[in-house]
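# Residue-level structure breakdown
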Amino acid sequence: MVKVKNLFKTFGTDRGDVKAVQDISFEVEKGGFFTLLGPSGCGKSTTLRCIAGLEKPESGEIIIGDKIMFSSEKRINVPPNKREMGMVFQSYAIWPHMTVFENAAFPLHVNRRGLTAAQVRDSVMKALDLVRLQGLEDRPAPQLSGGQQQRLALARALVREPQVMLLDEPLSNLDAKLREAMRLELRELMRRLNITALYVTHDQIEALAMSRTVAVMSEGRLVQLASPRDIYAKPSCRFVADFIGSSNFFEGNVVEAAPPGGQGKVKTKHGVFVSYLPQDAKVNDKVVLCFRPENIEVEHQKPADNINIIPGKIEVGAFLGEFVDATISVDGDLVRARLHPTVPIHRGDDVFLRLPPETCISVFCD
């Protein structure tokens, strides 16, 4: 188990202090796959480096298992090499003058655990076997492919048999196809070994595909902590809705509050829409109606139910194989829709858009 409580970290610059991490708190269960997700500069890597002991926070607490690794109140700060965690960086930091075996064995030699040569070899070969590099132990490290070097960096982190693995954008240097294959391999390896994983990425697809829990960060703060499905379908704010996937937005006001767990109504310049509302939303509150492109239904005839229906005109329709990426003009605003490729649309068509109420989420204005 990993527990981070009220973590603060600032950096001094010529222009003043930068608040890199502001009051971050979360827990990761044993064997969980937890992802810190956000744009560059949001504080996710700094948070991970604080957990690793590579950065010293100003305040807060970090607990791994039942051991306190950092506590500003108790004045505890365990050195990085004593925290017993594995870490894989964006830059694999492979030693070019060493073989695959020597690279993987390096942490065991540095920590000088008193292992015999036979014990070191057993540990290294076990780690290489886990990442499918068996038979390559004598190869010079620079002769490995990009994917193999990524596996070697992972083996080097696994050789110490850590209970917690920290991974900072480890797949970003791989090409798209290899990255897709490696993220599945990595997730399954962590699950099989029951290792608690903390993963940092700016890639939303990577986060949704790999994680049990996702923490979305912005400007040093944690803005939403939830399952991948809830992060996507129930964003807590406009930033999350915009950063995760694609969304359309209409600004408006609440005209009918929602009962607990139910739907209310939001008035925008395009009409009144039935939508899920923030928990504490009241009549007249300013909100933003969010709806995903893939949830929009397009008809050439106006639907009879007249719920969440708006007229529009097709501006662009790009066939992308699995779907048609359509841009639709709605009273001066542009709406993106992803339609089934069999839907017959053409530039200039007058159409009606239906926004299914169960897919509409309204959030408070940021």
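For the structure itself, consult the block above.
The paragraphs below set out a description of the structure included in this document. (Residues numbered from 1 in each chain as written. Predicted model: local features only at pLDDT ≥ 70, side-chain atom pairs only at ≥ 80, totals over all residues. Heavy atoms only, no water.)

## Describing the packing of helix α4 (residues 146-158) against helix α5 (residues 176-193)
Packing of α4 against α5 leaves a shortest axis separation of 11 Å and a crossing angle of 20°. Considering the angle they form, α4 stands roughly parallel to α5. Classified by chirality, the crossing of α5 by α4 is right-handed. Across from Gly147, Gln150, Arg151, Leu154 and Leu158 in α4, the residues of α5 making contact are Leu178, Met182, Glu185, Leu186, Leu189, Met190 and Leu193. (Axes fitted to C-alpha atoms, helices over the stretch in contact; angles between N-to-C directions. Helix = DSSP H or I, 4+ residues; strand = E, 2+ residues; numbered from the N terminus. Parallel < 35°, antiparallel > 145°, perpendicular 65-115°, else oblique. Left-handed = near helix turned anticlockwise from the far one by under 90°. Contact = heavy atoms within 4.5 Å.)

## Let's talk about the nonpolar core
In terms of nonpolar packing, the biggest core is built from 37 residues, with Val124, Leu152, Leu154, Met165 and Met190 touching the most fellow members. With 6 residues, the single largest contributor to this core is α4. Contact partners of Leu154, with chain neighbours within four places excluded, come to Val88, Val131, Met165, Leu167, Leu186, Leu189 and Met190. Core analysis: the next-biggest nonpolar cluster, separate from the first, contains 28 residues, Ile24, Leu36, Ile51 and Met87 among them. (Core = buried A, V, L, I, M, F, W, Y, C linked by side-chain atoms within 4.5 Å. Buried < 20%, exposed > 50% of the residue type's maximum accessible area, 1.4 Å probe, protein only.)

## Describing a nonpolar patch on the surface
A cluster of nonpolar side chains, contributed by Trp95, Phe106 and Val110, occupies part of the molecular surface with about 260 Å² of accessible area. Within the element layout of this structure, Val110 appears in helix α2 (residues 100-111). (Patch = residues over 30% accessible without salt bridge, like charges linked within 9 Å, V, L, I, M, F, W, Y side chains within 5 Å. Areas by Shrake-Rupley, 256 points an atom, 1.4 Å probe, with all protein chains shown as cover. Salt bridge = Lys/Arg side-chain N within 4 Å of Asp/Glu carboxyl O.)

## Structural notes on the side chain of Lys9
Within the fold, Lys9 resides in strand β1 (residues 2-13). A polar contact is formed between the side chain of Lys9 and the backbone oxygen of Lys56, at a distance of 3.0 Å. Each residue touching Lys9, except ones within four places of it in the same chain, is listed here: Val18, Lys19, Ala20, Val21, Thr46, Cys50, Glu55, Lys56, Pro57 and Glu58. (Polar contact = N/O pair within 3.5 Å; in protein donor to acceptor, adjacent residues only side chain to side chain.)

## Some points on the sheet that holds strand β20 (residues 350-354)
The strand order β16-β20-β17-β18-β19 describes an open sheet built from 5 strands, whose pairing is antiparallel. The open sheet terminates on both sides in strands that have one partner only, identified here as β16 (297-299) and β19 (333-339). Neighbour-to-neighbour, the strand axes of the sheet open up by a mean angle of 45°, direction not taken into account. Relative to β19, strand β18 (residues 324-330) is paired through 7 bridges, and the arrangement is antiparallel. Pairing of Ala326 across the sheet is with Ala337, part of β19. (Pairing = 2+ DSSP bridges.)

## Observations concerning the sheet that holds strand β11 (residues 221-226)
Backbone hydrogen bonds are what pair the strands of a sheet, in a parallel or an antiparallel way. Spatially, 6 strands are ordered β7-β8-β9-β3-β10-β11 in an open sheet, and the strand pairing comes out mixed. Only two strands of the sheet have a single partner each, and these edge strands are β7 (85-88) and β11. Going across the sheet, the axis of each strand differs from the next one's by a mean of 15°, ignoring polarity. Two elements, β7 and strand β8 (residues 164-168), share 4 bridges in a ladder whose sense is parallel. Within β8, the position partnered with Met87 by the bridge is Leu166.

## Examining helix α1 (residues 44-52)
α1 sits mainly inside the fold: 7 of its 9 residues count as buried. Every buried residue belonging to α1 is among Lys44, Thr46, Thr47, Leu48, Cys50, Ile51 and Ala52, and all of these are buried. Positive phi shows up at Gly53, right after α1, with a value of about 90°.

## Overview of the pattern of salt bridges
On inspection of all chains with the given rule, the structure shows 17 salt bridges. Ionic pairing is found between Glu251 and Arg238, a salt bridge with its closest N-O pair at 3.5 Å. Here Arg238 lies in helix α8 (residues 238-243) and Glu251 lies in strand β12 (residues 248-256), a separation of 13 residues in the sequence. The exposure class of Glu251 is exposed, given its relative accessible area of 56%. For Arg238, a relative accessible area of 28% puts it in the partly exposed group. Across the pair Asp350 and Lys313 runs a salt bridge whose closest N-O atoms are separated by 2.8 Å. Of the two residues, Asp350 sits in strand β20 while Lys313 sits in strand β17 (residues 309-319), which places them 37 residues apart along the sequence.

## Structural notes on the layout of surface pockets
Within this model, the largest pocket holds a volume of roughly 590 Å³. Lining the largest pocket are 21 residues, with Met85, Met87, Phe89, Pro107 and Arg160 sitting closest to its centre. Contributions of two or more residues to the lining of the largest pocket are made by β7, α2 and α4. Among the elements that take part in the lining of the largest pocket, α2 stands out by supplying 4 residues, more than any other. Each residue belonging to the lining of the largest pocket can be placed in one class, and the counts come to 14 nonpolar, 3 polar and 4 charged. The space that makes up the second largest pocket amounts to roughly 360 Å³. Taken together, 18 residues form the lining of the second largest pocket, with Gly262, Tyr276, Leu277, Pro278 and Gln279 sitting closest to its centre. Top contributing element to the lining of the second largest pocket by residue count: strand β21 (residues 361-364), with 4 residues. (1 Å grid on protein atoms, 1.4 Å probe; cavity = no way out; pocket = protein on both sides within 12 Å on 5 of 7 lines; lining within 4 Å. Points joined across faces, edges and corners; volume = space filled by probe spheres on them. Nonpolar A, V, L, I, M, F, W, Y, C, P; charged D, E, K, R; others polar.)

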